[in-house]
Amino acid sequence: MASLLLIKNADVYSPEPLGCVDVLVAGSTIIAIGKDLAISGNVHHTLDAQGKLLIPGLVDPLVHITGGGGEGGYHTRTRAMELTDASCYGVTTLVAALGTDAISRTLEDMLAKAKGLEHEGLNVFCYTGSYAYPVVTLTGSISRDLMLIDNMIGIGEIAISDHRGSQLTTTELARVASEARVGGMLSNKAGKVFVHVGDGKGGLQPLHQVASETDIPLQQFYPTHINRSQALLEQGFTFAKAGGVIDFTTSTNQACLDSGEVAVVDAVFQALDAGVSINNISLSSDGHASLPVFNEFGQLTGLEMGRIASLYETFCELVQANLPLSDAIKLVSTNAARNLQLKHKGQLAVGLDADLVLLDAKLTIDSVWSRGQALVRGGEPTRYGQFEIR
Ligand code: ZN
């Protein structure tokens, strides 16, 4: 029989507030939520969570799990992530991507890393492709990758409106989207095109052009870095109001903000003020990307590394800025899971995966479970990656 875990009297958010209830987990699955659950049989572990908040595990739709960057030469390639880079910050599900470099970084290496992180307890999905066009794949085409490889759920992050991208035409972009769409249909996956939007001239225009000139719906695209400038943010409002989901990047630095990036908390409140539904916005960390700093001539002058932790930190900032907790949860978990059709993720409900984060009243992380396995207890990791330096 699967081991039972009973979490008693937490203030539970599904993301909707459910009040102080008990949550019963069997093995990897939530099997009951309710008041004063009476359990017959062996409860292996009962946890009194009075005064604490229980929320779904965070879902991060963009992490460079094998490292990214390299845009300032070989010594600027960032390091791969380790288990606790995510688990200690409540992230239980993430989607892996390559970036600018699809030469020294490969999909084979990324898939192997994803499987390793899954073994250590996380839930890891992958995008095929990279910034570049023609799209690199594992099996020869985007649709074959989606159909034949379980972890592959879409393509990304393909770069548009960016000097580092392949300057692909809208016809080429439409072909990429159609392959992703068909591969997704055949494998019952979302088949989204996760789009890196740069600060170039076009902004989101190529996506609208594909939607207006072809039979690909706008919602096939899932554009990220929409808070990179005020101008792009406002284009994002139009995209979201047309039914798409826009993604804001939580990893940032002073140089990015100085060069016009809109801080995520500000971007979220601007979007809501502009009439964008909370359901059409998600946040991603862009963890382990490099944060390049360019001068006015487009030359690289410095580099930092994005952190998965920024997703959780931004969640805390949003709640401190008086965004309702249930809305903040949607931004860091529910919306990305729904948009990517990760059906057992992003919510707390009977039958879904037991990906749980227990927070104290100040939002400090107490415990994290992924598919029912404890990764963090009492604020300390209970597991580390195989070769992780402690
Ligand atoms: Zn990007």
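The structure displayed is predicted, hence computed values, not measured ones.

Asks: Just checking my understanding: could you explain the overall build of the protein for this structure?
Replies: Helix and strand content of the protein: ten helices and 19 strands. The C-alpha radius of gyration computed for the protein amounts to 20 Å, which stays within 12% of the reference 21 Å derived for 390 residues, consistent with globular compactness. Here the protein holds 390 residues, and the buried ones make up 56% of them. The long-range share in the protein, meaning contacts at least 24 apart out of those at least 6 apart in sequence, stands at 70%. Accessible surface computed for the protein: about 15,600 Å², of which carbon and sulfur atoms make up 50%. For the protein, the separation between the mean place of its 27 positive charges and that of its 41 negative charges on side chains is 5 Å.

Asks: Would you explain the pattern of salt bridges in this entry?
Replies: Proximity of charged atoms lets side chains of opposite charge pair with each other. Applying the stated criterion across every chain yields a total of nine salt bridges. Close ionic contact of D85 with R79 constitutes a salt bridge, the shortest N to O distance being 3.1 Å. One salt bridge in this structure joins R307 and E313, with 2.9 Å as the shortest N-O distance. Overall, the relative accessible area of 29% leaves E313 in the partly exposed class. One continuous salt-bridge network, built from bridges that share partners, spans E16, D327 and K330.

Asks: Could you clarify how one ought to interpret the coordination of the zinc ion in this entry?
Replies: In an ideal octahedron of six donors the angles at the metal are 90 or 180 degrees, and in an ideal tetrahedron of four donors they are 109.5 degrees. E157 (OE), H196 (ND1) and H225 (NE2) make up the full set of protein donors to the zinc ion, lying at 2.0 to 2.1 Å. Site description for the zinc ion: donor spacing in sequence, E-x38-H-x28-H. Of this pair, E157 sits in strand β9 (residues 152-160) while H225 sits in the loop between β11 (221-224) and α6 (230-241), and the two are 68 residues apart along the sequence.

Asks: Got a minute to help me understand the packing of α6 against helix α8 (residues 264-273) in this structure?
Replies: Pairs of packed helices are described in terms of their axes, by the angle between the two and the distance that separates them. One way to put it is that α6 packs onto α8 with a least axis distance of 10 Å and a crossing angle of 40°. As summarised for this structure, α6 and α8 are arranged oblique, according to the angle between their axes. Considering only the axes of α6 and α8, their crossing is right-handed. Contacts from Q230, L233 and F237 in α6 reach A267, Q270 and A271 in α8.

Asks: Please clarify how the side chain of K189 should be interpreted in this entry.
Replies: Within the fold, K189 resides in the loop between α4 (170-187) and β10 (192-197). Buried charge without a partner: K189 forms no salt bridge, and the closest opposite charge is D150, 5.1 Å away. Looking at K189, its side chain comes within polar contact range of the main-chain oxygen of M152, at 2.8 Å. Those residues in contact with K189 that lie beyond four places of it in its chain are L146, I149, D150, M152, I153, G184 and Q341.

Asks: Sorry, what's going on with helix α9 (residues 309-320) here?
Replies: Since the α-helix turns once every 3.6 residues, residues separated by three or four places project in the same direction. In a regular helix each residue adds 1.5 Å, so twelve residues correspond to 16 Å; α9 covers 17 Å between its end C-alpha atoms and thus fits that length. Among the residues making up α9, those that are buried are A309, S310, L311, Y312, T314, F315, C316 and L318. Two residues or fewer past α9, N322 is found with a positive phi of approximately 75°.

Asks: Would you mind showing me how to read the packing of aromatic side chains here?
Replies: Given two aromatic rings, one states the distance between the centres and the angle between the planes to describe the pair. Across all of its chains, the model carries three aromatic pairs by this definition. Consider the rings of Y89 and Y312, whose centres lie 6.5 Å apart with planes at 45°: the pair is tilted. Taken together, the positions of Y89 in the loop between α1 (83-87) and β7 (91-96) and Y312 in helix α9 put the pair 223 residues apart, joining distant regions of the chain. The class of Y312 is buried, set by a relative accessible area of 13%. On the basis of an interplanar angle of 80° and a centroid distance of 5.0 Å, the ring pair of F194 and Y222 is categorised as edge-to-face. Of this pair, F194 sits in strand β10 while Y222 sits in strand β11; the two residues are 28 residues apart in sequence, bridging distant segments of the chain. For the pair F194 and Y222, a shared accessibility class is recorded, and that class is buried.

Asks: Teacher, can you tell me more about the sheet that holds β10 here?
Replies: Sheet strands pair by backbone hydrogen bonding; their relative direction is either parallel or antiparallel. Overall, parallel pairing links the six strands, which are arranged β6-β7-β8-β9-β10-β11 in an open sheet. Strands at the two margins of the open sheet, each flanked by one partner only, are β6 (58-63) and β11. Each adjacent strand pair in this sheet contributes to an overall mean axis angle of 30°, direction not counted. Of the pairings in the sheet, the one linking β6 to β7 comprises four bridges and is parallel in character.

Asks: Just to check I follow, could you spell out the packing of α9 against helix α10 (residues 325-339) for this structure?
Replies: Interhelical geometry of α9 versus α10 gives an angle of 155° and a closest axis separation of 9 Å. Judged on the interaxial angle alone, α10 and α9 are roughly antiparallel. The interaxial crossing formed by α9 with α10 has right-handed handedness. On α10, the residues touching L311, F315, L318 and V319 of α9 are L325, A328, I329, L331 and V332. The residue makeup of the contact of α9 with α10, split by class, is nine nonpolar, no polar and no charged.

Rules used in this analysis
Residues numbered from 1 in each chain as written. Predicted model: local features only at pLDDT ≥ 70, side-chain atom pairs only at ≥ 80, totals over all residues. Heavy atoms only, no water. Helix = DSSP H or I, 4+ residues; strand = E, 2+ residues; numbered from the N terminus. Rg over C-alpha atoms; globule rule 2.2 N^0.38 Å. Buried < 20%, exposed > 50% of the residue type's maximum accessible area, 1.4 Å probe, protein only. Contact = heavy atoms within 4.5 Å. Areas by Shrake-Rupley, 256 points an atom, 1.4 Å probe, with all protein chains shown as cover. Lys, Arg positive; Asp, Glu negative; His and termini not counted. Charge placed at Lys NZ, Arg CZ, Asp CG, Glu CD. Salt bridge = Lys/Arg side-chain N within 4 Å of Asp/Glu carboxyl O. Donors = N, O, S within 2.8 Å, 3.2 Å for Na, K, Ca; no water. Axes fitted to C-alpha atoms, helices over the stretch in contact; angles between N-to-C directions. Parallel < 35°, antiparallel > 145°, perpendicular 65-115°, else oblique. Left-handed = near helix turned anticlockwise from the far one by under 90°. Polar contact = N/O pair within 3.5 Å; in protein donor to acceptor, adjacent residues only side chain to side chain. Expected span 1.5 Å × (residues − 1). Phe/Tyr/Trp six-rings, centres within 6.5 Å; stacked < 30°, edge-to-face > 60°. Pairing = 2+ DSSP bridges. Nonpolar A, V, L, I, M, F, W, Y, C, P; charged D, E, K, R; others polar.

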